Amino acid sequence: MTHPFLDLPPMSAAHFATIEDRVARLLGTEQDVVIMQGEALLPLEGAIRATAGPGTVALNVITGPYGQTFGNWLRDCGATVIDLAVPFHTAVTAEQIRAAFAERPEIDFVSLVHAEAATGNTNPVAEIGEVVREQGALFYLDAVASIGAEPVLPDAWGVDLCVIGAQKAMGGPAGVSAVSVSERAWARMAANPRAPRRSYLSLLDWKQRWVDGGRKALLHAPAQLEMLALEACVERIETVGPAVVMARHAAAAAATRAGAVALGGGLEPYVYEAREAAPVATTLRVPAGVVASEVVARALEGEPSLPLAAGGGALAKEMVRVNHYGVDASVEAVQGCLAALGGALAERGVTVDLAGARRAVEQSWG
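Parameters at a glance
- Residues numbered from 1 in each chain as written.
- Predicted model: local features only at pLDDT ≥ 70, side-chain atom pairs only at ≥ 80, totals over all residues.
- Heavy atoms only, no water.
- Helix = DSSP H or I, 4+ residues; strand = E, 2+ residues; numbered from the N terminus.
- Rg over C-alpha atoms; globule rule 2.2 N^0.38 Å.
- Contact = heavy atoms within 4.5 Å.
- Areas by Shrake-Rupley, 256 points an atom, 1.4 Å probe, with all protein chains shown as cover.
- Lys, Arg positive; Asp, Glu negative; His and termini not counted.
- Charge placed at Lys NZ, Arg CZ, Asp CG, Glu CD.
- Phe/Tyr/Trp six-rings, centres within 6.5 Å; stacked < 30°, edge-to-face > 60°.
- Buried < 20%, exposed > 50% of the residue type's maximum accessible area, 1.4 Å probe, protein only.
- Pairing = 2+ DSSP bridges.
- Axes fitted to C-alpha atoms, helices over the stretch in contact; angles between N-to-C directions.
- Expected span 1.5 Å × (residues − 1).
- Arc of directions from axis to C-beta.
- Polar contact = N/O pair within 3.5 Å; in protein donor to acceptor, adjacent residues only side chain to side chain.

A.B. asks: Any details on the overall build of the protein? Residues and values, ideally.
C.D. replies: Check the secondary structure of the protein and you find 13 helices and 13 strands. Relative to the 2.2 N^0.38 estimate, which gives 21 Å for 366 residues, the radius of gyration of the protein is 21 Å and therefore close to what a compact globule would have. Of the contacts formed within the protein by residues at least 6 apart in sequence, a portion of 70% connects residues at least 24 apart. Of the accessible surface of the protein, which amounts to about 14,900 Å², a share of 55% is contributed by carbon and sulfur atoms. Averaging the positions of the 28 positive and the 40 negative side-chain charges in the protein gives two centres separated by 3 Å.

This is the structure we're talking about:
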C-alpha cells in the first residue's frame, strides 16, 4: 500500500536551499533566510532568545495578543522591557515610537507585530523602521499574518529579524516558517552568552552549521512534506504575482468592511480607521446585548467551513473575526460570512439588511 505522500526520496540540502532562496526573493531581501522546521512560534521565540539578555532594553509594542507574548519572552530572557500598548482597535504610530526613544534613549531592541490577525489591525512598519534605524536599535518583526496580504520588505524597512509563516495570507502550510536575519542580528546573537545552542530554538546552530557551511548539509531531517508544500505555495504566488495576491486580500478587507456597515443592526468594523485595518482579516464589533461567540457559533452551524471566529479571551464577547486569507480572500467567502452573521443576528431580534450587505460587497469588490 503506498501513497504519493509516502516513500519519497529524502530532500537534498540543495533543494532545501533553493526554497530558502525563493522565500528570500518573496521578501525582497539579501539577508540570510533560514527556514525553520516548525510553526512560526519557533523562530519568533528563537529570535528573541538569541538576541535578548540581561543587558537588553527592549521597547515591546503591544497591538494585540502576540505583542504581549513577546514581552513575556523578553522578560524571561532578563531584558528590561518597556511596553508600549495601544488600544486594539487602532495601530501604533511612528511618533509614539519616537517618543518612547526620547524618554528611554537606552532602548536597543524593538519588537513589533506587523499585522495582528487576532485584532485586525496593521502597523506602519516602514515609518517605524525609519525611527528605529535612526536610533540604532535592533528591529524584530512578526510578519506571519502580513506576508502575502501586504508588502513585507525587511531590507527597505531596516528590519533585522523578520519572521514569516505560510499558513495565513500565503495559503500554505503551518508546519514550517522562516526568518530573515541581518548581519547585525547575527552579531548580537554571537555576543549573547545566553543564546540557545544545541537546541531546536537555536538560530546560531543554523548559522554556523548551515549558512556558514555553504548550505551543504542540513542539521537534521527536514519536514519534507511541509517543505514541498511551502515550495508549491511560493511558486503559486510567483506565478500569479505577489501584487495580485495582495490586491485580492485588500479587496476582501474593503468588501468585508463595506458589507458589515451595510448589513446594519449595530455590526461595525472593530478597527475604526480603514488605513489601520489589516488586509489579512477583518474584525467586527457586535451590537450591544449580543455575545460575539454565540453569534459565530450559530453562524457556523449552517456552514462550518466559513472562515469565521470569535475574538480570543475577553474579546469573545464583543468581536467577530472574518479570516479572509489565502483561498478565502474571495467575494464568495466574504458574502457567505456576512450572510451567516446576518442570519444569526436576525434570530436574536436584530434588524439587518442582507440584500444591502450583498450589494455593498459586490460594489466594493468592483
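A.B. asks: Would you mind going over the packing of aromatic side chains in detail, with residue names and values included?
C.D. replies: The final tally for this structure, using the stated rule, is six aromatic pairs. Taking the centre distance of 5.3 Å and the plane angle of 90° together, the rings of Phe-70 and Tyr-140 count as edge-to-face. One end of the pair, Phe-70, is in helix H3 (residues 65–76); the other, Tyr-140, is in strand E7 (residues 138–142), with 70 residues separating them in the sequence. You can call Tyr-140 buried: its relative accessible area is 0%. Following the ring pairs from residue to residue traces out a cluster consisting of Phe-70, Trp-73, Phe-109 and Tyr-140.

A.B. asks: Run through the sheet that holds strand E13 (residues 319–322), naming residues and quoting values.
C.D. replies: Pairing is antiparallel in the open sheet, where four strands are placed in the order E10-E11-E13-E12. The sheet terminates laterally at strand E10 (268–269) and strand E12 (308–310), the two strands that pair on one side only. By the bridge criterion, two bridges tie E10 to strand E11 (residues 282–285) in an arrangement that is antiparallel. Pairing of Pro-269 across the sheet is with Leu-284, part of E11. Helix H10 (residues 242–263) rests against E10, E11 and E13 of the sheet, and its axis sits at about 15° to E11. Across the face of the sheet, helix H11 (residues 292–302) comes into contact with E12 and E13 while running at roughly 155° to E12.

A.B. asks: I'd love a proper account of helix H13 (residues 354–365), names of residues and values included.
C.D. replies: Helix length check: H13, at 12 residues, gives a terminal C-alpha distance of 17 Å against a target of 16 Å (1.5 Å per residue), a fit within 8%. Residues of H13 that are buried: Gly-356, Ala-357, Ala-360 and Val-361. Here the buried residues of H13 occupy an arc of 135° about the axis, which is enough to place them on one side. Looking at the buried residues of H13, the elements they touch are H10 and helix H12 (331–347). You can read the cap of H13 off the contacts: a side-chain oxygen lies 3.4 Å from the backbone nitrogen of Ala-355, and it is on Asp-353. A positive backbone phi angle near 75° is found at Gly-366, which sits one or two residues after H13.

A.B. asks: Any details on the sheet that holds E7? Residues and values, ideally.
C.D. replies: If you trace the seven strands from one edge of the open sheet to the other, you get E1-E9-E8-E7-E4-E2-E3, paired in mixed fashion. Looking at which strands have only one partner, the edges of the open sheet turn out to be strand E1 (32–36) and strand E3 (80–85). Averaged over all neighbouring strand pairs, the angle between strand axes comes to 15°, with direction disregarded. Bridge analysis of strand E4 (residues 109–113) against E7 gives five bridges, and the strand direction is parallel. Looking at E7, one finds that Leu-112 is bridged to Leu-141. Strands E1, E4, E7, strand E8 (161–165) and strand E9 (177–181) of the sheet are contacted by helix H2 (residues 41–51), whose axis makes an angle of about 165° with E7.

A.B. asks: I'd like to hear about the side chain of Ser-180, residue by residue, with values.
C.D. replies: Along the chain, Ser-180 falls in strand E9. Overall, Ser-180 belongs to the buried group, its relative accessible area being 0%. Polar side-chain contacts of Ser-180 include one of 3.4 Å to the side chain of Gln-31. Apart from residues no more than four positions distant in its own chain, Ser-180 is found in contact with Leu-27, Thr-29, Gln-31, Asp-32, Val-33, Pro-154, Asp-160, Leu-161 and Cys-162.

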